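Examination of the molecular architecture
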Amino acid sequence: MKISQQRDAARPRARGTERSLARRAELIAIGRRLFADTSYDALSMDDIARQAHVAKGLIYYYFHSKRGYYLAIVQDSVADLVTFAAGGLELPPVERVHRTIDGYLRYAEHNHAAYRTIVSGGVGFDTEVQAIRDGVREAIVATIAEGAYGRRQIDPLARMGLLGWVCAVEGTTLDWIDRPELSRDTMRELLVKTLGGALRAIEELDPAYPAPASARRDP
């Protein structure tokens, strides 16, 4: 009898938790759209609540502050992007690199607002936001390194070469989603070619990191 009563008492709480998680996710989805088109400083909590059609207190309840709300939006967007781009563990290394680049572009193509939030969102002075965005770069660098060199941990020169390529990818991808004059396939091949150039430059400066055969120029 006691067990039955305990189960019955737990059920409403479980349903309440599910509703809370769903409501929080809904607010984050709204926030992605809001902060994609407007800078962090330009949006007040009153503005956010009005455009989200909720009471301001509800946002404070889930996120405690405007900054907490923004950080939750960035973290949620980052998790989606890294998961989408870094999958395909079962593939051969070269195929996985291609899949990573294609996944990255697909994510940006179909999630303009979230991608802009990750790469160029407001609060540029906020070290915590910068750390989140740096985490995306490091995750992509590690994925490319694993495909190119068979390991995620690489020396500083190789890491810097790949990081420079990732930063260039961010800028070109932002321009591409604003002006989609090239197909995704063409963009992918362009980025693969420029990655090959970065890998060859790394090898030239540090022979301990030979470029994969697929990155070498035809004789």
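Residues numbered from 1 in each chain as written. Predicted model: local features only at pLDDT ≥ 70, side-chain atom pairs only at ≥ 80, totals over all residues. Heavy atoms only, no water.

1. Let's talk about the overall build of the protein chain
A tally of regular secondary structure across the protein chain gives nine helices and zero strands. Counting from the amino terminus, the protein chain carries its helices and strands in the arrangement α-α-α-α-α-α-α-α-α. By the burial criterion, 43% of the 219 residues in the protein chain qualify as buried. For the protein chain, the proportion of contacts with a sequence separation of at least 24, taken over those separated by at least 6, is 62%. (Helix = DSSP H or I, 4+ residues; strand = E, 2+ residues; numbered from the N terminus. Buried < 20%, exposed > 50% of the residue type's maximum accessible area, 1.4 Å probe, protein only. Contact = heavy atoms within 4.5 Å.)

2. What about the packing of helix α6 (residues 112-120) against helix α8 (residues 156-178)?
Interhelical geometry of α6 versus α8 gives an angle of 150 degrees and a closest axis separation of 11 Å. Taken together, the axes of α6 and α8 are roughly antiparallel relative to one another. Between α6 and α8 lies a crossing whose hand is left-handed. Contact residues: His112, Tyr115, Arg116, Val119 and Ser120 in α6; Val169, Glu170, Thr173, Leu174, Ile177 and Asp178 in α8. (Axes fitted to C-alpha atoms, helices over the stretch in contact; angles between N-to-C directions. Parallel < 35°, antiparallel > 145°, perpendicular 65-115°, else oblique. Left-handed = near helix turned anticlockwise from the far one by under 90°.)

3. Topic: the confidence of the model for the protein chain
The pLDDT averaged across the protein chain works out to 83; a share of 84% of its residues lies at or above 70. When pLDDT is averaged over each helix and strand of the protein chain, the minimum, 68, is found for helix α1 (residues 2-37) and the maximum, 96, for α8. Contacts from residues 1-15, a stretch scored under 50 in pLDDT, to residues over four places away or in other chains number zero contacts. (pLDDT = per-residue confidence, 0-100.)

4. Re the environment of Arg67
By the secondary structure assignment, Arg67 is in helix α4 (residues 66-85). C-alpha separation for the pair Arg67 and Val129, spaced 62 residues apart in sequence, amounts to 9.6 Å.

5. Description of the pattern of salt bridges
One pass over the full model with this rule turns up 16 salt bridges. Here Arg184 and Glu109 are joined by a salt bridge, their closest N and O atoms 2.8 Å apart. One end of the pair, Arg184, is in helix α9 (residues 184-205); the other, Glu109, is in helix α5 (residues 93-110), and 75 residues separate them in sequence. Given the relative accessible area of 28%, Glu109 is considered partly exposed. (Salt bridge = Lys/Arg side-chain N within 4 Å of Asp/Glu carboxyl O.)

6. Points about the nonpolar core
One finds Tyr69, Tyr149, Leu162 and Trp165 to be the most contacted residues of the largest nonpolar core, which totals 62 residues. If we ignore the near neighbours within four places in the chain, the residues touching Leu162 are Val141, Ile144, Ala145, Tyr149, Ile154, Leu195, Leu199 and Ile202. (Core = buried A, V, L, I, M, F, W, Y, C linked by side-chain atoms within 4.5 Å.)

7. Some remarks on the packing of aromatic side chains
Under the definition given, this model contains five aromatic pairs. Seen from their ring centres, Tyr61 and Tyr62 are 5.0 Å apart, and the 80 degrees between their planes marks the pair as edge-to-face. A ring pair is formed by Phe63 and Tyr69, whose centres lie 4.8 Å apart and whose planes are at 45 degrees; its orientation type is tilted. Take Phe63 and Tyr69: they sit in the same class, and that class is buried. Each residue in the set Tyr61, Tyr62, Phe63 and Tyr69 is aromatic and connected to the rest through ring pairs, giving one cluster. (Phe/Tyr/Trp six-rings, centres within 6.5 Å; stacked < 30°, edge-to-face > 60°.)

8. Overview of the environment of Ser20
Turning to its location among the elements, Ser20 is positioned in helix α1. Here the alpha-carbon distance between Ser20 and Tyr62, two residues 42 residues apart in the chain, equals 8.7 Å.

9. Here we look at the packing of helix α7 (residues 127-149) against α8
Running from N to C, α7 and α8 point in directions that differ by 120 degrees, and their axes come no closer than 9 Å. Comparing their axes, α8 and α7 come out oblique. The crossing of α7 and α8 is right-handed. Facing α7, whose interface residues are Arg137, Glu138, Ile140, Val141, Ile144, Ala145 and Tyr149, α8 presents Arg159, Leu162, Leu163, Trp165, Val166, Cys167 and Glu170. In the contact of α7 with α8, the residues fall into ten nonpolar, no polar and four charged. (Nonpolar A, V, L, I, M, F, W, Y, C, P; charged D, E, K, R; others polar.)

10. Points about unusual backbone geometry
At His53, a residue that is not glycine, the phi angle is positive and equals roughly 60 degrees. Examined against the element boundaries, His53 turns out to sit in the loop between α2 (45-52) and α3 (56-63). You can call His53 exposed: its relative accessible area is 72%. Of note in this structure, His64 is not a glycine but carries a positive phi near 75 degrees.

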